[in-house]
Structure formats: C-alpha cells, structure tokens
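# Chain and residue survey
Each chain, letter by letter, is given below.
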Amino acid sequence: MPIARPSAPRDRQPRYSSEADGGVRPRPGPEPGQGSGETAKPSPSRQSLRGLDWFIFFLADVQTGFGPFIAVYLTTQKWTQAQIGLVLSIGGVVGLIGQMPGGAIIDAAKSERRVAGLAIAAIGCCALAYALWPIFPVVAGAATLHAAASCVLGPAIAAISLGLVGPRGMAERLGRNARFASLGNGVAAAVMGTCGYLLSSRAVFLVTFILAFPTLIALSRIREREIDIARAHGRADREDREVARLSNLLGLLRQRALLVFALGVFLLQLANAAMLPLMAGVVTTKSSEWAPMLIAFCIVVPQAIVALTSPSVGAVAQRWGRRPLLMLGFGALAIRGVLFAVVHDPVVLVAVQIFDGVTAAVFAVMIPLTVADVAFGSGHFSLAQGIVGTASGIGASLSTIIAGFVTDKYGSVTAFTGLSGVALTGLVLIALLMPETGQQRERKPAE
C-alpha cells in the first residue's frame, strides 16, 4: 500500500496489529480514541524493517571493535598502562557528558537517518586512525570522536524505530532491536578475536573500518519517507490534549515517572557494572589457567539469552505492563549478586550468569520502551533518553570505584552483598514509586 506523507489527509486510518516478523501491519477497525497518543499511520515496508534489523546487527559489529581490543592493541604498540587508561578515560568522560546533547541533536534533526550515517562514517574513520596512526594525539582524538558519535547513535536507533512503528509497535520492535544487537555482538567478538589471533591486533580495527560499509548500506535500506519525523521525536498529535501538556521541556522534566525511572537506572548500573569485573578477578585468583575461557563463557551466556528472549520481553511488556518486568530485572540482578557472594566453584559461577542474561534482556527492551512511554507527547524523546543515559553512566562509573574500594577493604563477599543490596533498593523503588507507564495510552477506549 502507498506510504502517506505526514501532511496527507487522513479520513480513515488503519489500526495496527503486530506481526511475527517484527513489522506492524494494518488491520480493519475504528480509529484510536483521542487519548491514544498516536494517530494511526500506514505500516512501514518490509524493506525498512529489515534494513533496521541489519543496521543494528552491523552497528553492534562495529562497536565491538572498540571494546577490550583497544587495550590489547595499544599494549602491543608499547603504550604504557597509564597512557591506555588516560585514553579510555577520555572516551568515558565524553560518552558521559555527551548523552543529553546527543539526545538533543536527534530531537532537533530533520533526518535521524542522516545523522546516524554521519556518526557511522566518523566511527569508521576512528577505527582506521587507530590502525594506521597509533600515536597519542591521533588515538586520543579518535577516542573523543568515537564517544561523541556513539552518543547520537543510541537515540537515533530508538527514534527511527519509533518513527517507523509508532508507540503501539515499539515494544516488539525494541525486542527485535535487542536480538539483532546481541547477535551482532556475539558474531563480531568471534570474528575479531579470530582475526586478532591469526593476523594481528591491528587487523581488528581494519575489520571494524570495513564493517562500517555494510552498516551504511543497511541504513540506506530504511526508507526516509517511512520515518514519521514528528512521531520519531515523540511529538503528540494536535488533537491529543492529554499528552500535549508535555509539549515543553519543563513539562517533561517535571514528570515523576521519568525522574524515578532515571534513579532506578542509576541504581541498576551502580549494582550491575562492577559485578562481572569483580567476579573475573575472583575467578582469576582461583583458577588463572581457565580464567580467560570462563570469562568468555560469562560474556556469551547473557548474550545468548538476550538474543533468544528479547522479542518475548517486548510482547510480555504489552500484556503485563512495564513495572512487573522492571521488578523482574532488578530481582534477577539481586539474586546474581548473592550467588556470586556464596558460590565458589568457577564453573557454577558461569551458570549464575543466566541471571545476568535475564536482567540484560529485560532492560535492553524496557529502558527505551519506558522512556518512550513517559516522553511521548513532549517532542523531546531523545533528550529524555539522554537524561536516563546520563544516570546510567554515572551509576556505572561509581560502581567500579566503590566496589573496588569495598573489595580491597572488606573482601569480595561484602562487595557482592552490597551490590545485591543496591539492586534490591532499585526493586523497592520501582515497586513503591514508579507508576505503570504502559497503559497510559490505553486508558481511554477507542471511539
């Protein structure tokens, strides 16, 4: 069916029904009511939906190249650990302070797809700079540019998704996004690890540069005209007065749900970020010979669970609402911390990572979905993501510092117990203070 432009008249519009392939197909039925928060739009084409799938897959491949491979590569180039730490810190600081500006850029953009393409091109150039000129000024500049580009990519993906499928299709779409990102991470880690082993650590960044091209090709498959720009920014339809009250930034910042959720995400990262590094140190002291293999399994297990279960998380969120799943994610994280404190068998510790997979699958979908619920109607969807992303980054930064201090002073058991307590605090916060956001657009019946 032809794609209607935003300015085209709409006498009767189809409603949406979710499809197994991740698309949203029209079905006969009455128009949504005035309180729905979304005027029905024609469904996006299979080409655009598949293009988004593969864009996310290849983007995960590209981003994987900038993980732990940086430290390995720079070590082979005779860099000191202090220099490596400084470069990593530069990237971390820029990534933290750039969250809200990155979201604001996406909210102001006339084309999220074009901004995403420029960011991918910049990251590809950064990878090439790492490979060809591993000197401090070039690497520091590349780390800064990579972090800045990454700050717009996350909001851009969520905005493109929202612009394509709308709020009602967002839960299942985010589930597919998480699945393809997880698959991309797993495949890229295997490919780049093999290239680094068989060729050299420099080859990892050349592969990353090459992967930027299929990423851009996949992005080009998303049809620009099918991304509703107003919907992508989370703007309310004019006739939707219930959510139009959020149409200014101050109104968004006054939303209790957004502030409580940002605090919850802060507690999530405060509890989660240090768990795997801390467990890796414990495993290394107990079984240094098998530590690399065990840590690899600890990374693969959660990724596999995310890939298998993320679409189901989106579907369940539509039926149960958001709060039960958020509480499930915090509960799994708390249990994981307790088990890390009491389990001493390295092999069993790998099995405990199943709980990490549950938490990762839940929050990979629920963070952007809950932000979409709260911010839709404000026109500042991506900025709201930046607010939550900043809270996440602060929590992650403090987690490793505090957990390291507690471990040195009181031991790893105390540190794991404390991290579990933080996760429980997050669970209580969601249970007592977080309103249910998933039913806000369903309260008024369709007319």
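Use the structure listed above.
Residues numbered from 1 in each chain as written. Predicted model: local features only at pLDDT ≥ 70, side-chain atom pairs only at ≥ 80, totals over all residues. Heavy atoms only, no water.

## Describing the overall build of the chain
The number of helices and strands found in the chain is 17 helices and two strands. Within the chain, buried positions represent 53% of all 447 residues. Long-range contacts, defined here as pairs at least 24 residues apart, represent 83% of the contacts in the chain between residues at least 6 apart. (Helix = DSSP H or I, 4+ residues; strand = E, 2+ residues; numbered from the N terminus. Buried < 20%, exposed > 50% of the residue type's maximum accessible area, 1.4 Å probe, protein only. Contact = heavy atoms within 4.5 Å.)

## With respect to the environment of L424
Of note, L424 is situated in helix α17 (residues 412-433). Distance from L424 to L267, taken between C-alpha atoms, is 9.2 Å for residues 157 residues apart in sequence.

## Quick look at the nonpolar core
In terms of nonpolar packing, the biggest core is built from 66 residues, with M366, L369 and F381 touching the most fellow members. Broken down by secondary-structure element, the contributors of at least two residues to this core are α6 (136-198), α11 (256-272), α12 (275-286), α13 (291-320), α14 (323-342), α15 (346-375), α16 (381-410) and α17. Here this core takes 13 residues from α15, the largest share from any one element. Sequence-distant contacts of F381, defined by excluding residues within four places in its chain, comprise D107, A158, A159, L162, M170, A232, H233, G234, P368, V371, A372 and A375. Ranked by size, the runner-up nonpolar core spans 54 residues in total, among them I56, A109, L211 and A218. (Core = buried A, V, L, I, M, F, W, Y, C linked by side-chain atoms within 4.5 Å.)

## Here's the deal with helix α3 (residues 81-97)
Taking 1.5 Å of rise per residue, 17 residues should cover 24 Å, and α3 covers 24 Å from first to last C-alpha, within 8% of that figure. Within α3 the residues assigned to the buried category are I84, V87, G91, V94 and G95. All buried residues of α3 project into a common sector of 105° when viewed along the axis, lining one side. In α3, those exposed residues whose orientation departs by more than 90 degrees from the buried face are Q81, A82 and I97. Buried residues along α3 sit against α2 (69-76), α4 (99-108), α5 (112-132) and α6. (Expected span 1.5 Å × (residues − 1). Arc of directions from axis to C-beta.)

## Considering unusual backbone geometry
One non-glycine residue with positive phi stands out, namely K78, at about 70°. Under the relative-accessibility criterion, K78 is labelled exposed at 74%.

## Some words on the packing of aromatic side chains
Each pair of aromatic rings is reported with the distance of its centres and the angle of its planes. Applying the stated rule across the entire model yields 10 aromatic pairs. Relative to F416, the ring of F340 has its centre 5.3 Å away and its plane inclined at 50°; by these criteria the two rings are tilted. A residue pair is termed long-range when its members are at least 10 positions apart, and F340 in helix α14 and F416 in helix α17 qualify at 76 residues. By the burial criterion, F340 is buried, and F416 matches it. Taken together, the aromatic side chains of W54, F57, F58 and F180 make up a single cluster linked through ring pairs. (Phe/Tyr/Trp six-rings, centres within 6.5 Å; stacked < 30°, edge-to-face > 60°.)

## Quick word on the side chain of R176
Mapped onto the fold, R176 is located in helix α6. A relative accessible area of 11% means that R176 is categorised as buried. A distance of 2.5 Å separates polar atoms of two side chains, one belonging to R176 and the other to D53. (Polar contact = N/O pair within 3.5 Å; in protein donor to acceptor, adjacent residues only side chain to side chain.)

## Focus: the pattern of salt bridges
Counted by the stated rule, this structure contains seven salt bridges. The residue D53 makes a salt bridge to R176 at a minimum N-O spacing of 2.5 Å. Here the residue D53 occupies a position in helix α1 (residues 46-64), and R176 occupies one in helix α6, the gap between them amounting to 123 residues. Overall, D53 belongs to the buried group, its relative accessible area being 1%. D356 serves as the salt-bridge partner of R336, at 3.4 Å between the closest nitrogen and oxygen. Residue R336 is located in helix α14, and its partner D356 is located in helix α15; the two are separated by 20 residues in the primary sequence. Exposure remark for R336: the relative accessible area of 1% places this residue in the buried category. On the accessibility criterion, D356 (12% relative accessible area) is buried. (Salt bridge = Lys/Arg side-chain N within 4 Å of Asp/Glu carboxyl O.)

## Structural notes on the side chain of T370
Within the fold, T370 resides in helix α15. Setting aside residues no more than four positions away along its own chain, T370 makes contact with F261, R322, L326, M434 and T437.

## Here we look at the environment of N185
Within the fold, N185 resides in helix α6. Exposure remark for N185: the relative accessible area of 27% places this residue in the partly exposed category. For the pair N185 and G65, spaced 120 residues apart in the sequence, the C-alpha separation amounts to 9.5 Å. N185 has contacts with A60, D61, T64 and Q303, leaving out every residue within four places of it along the chain.

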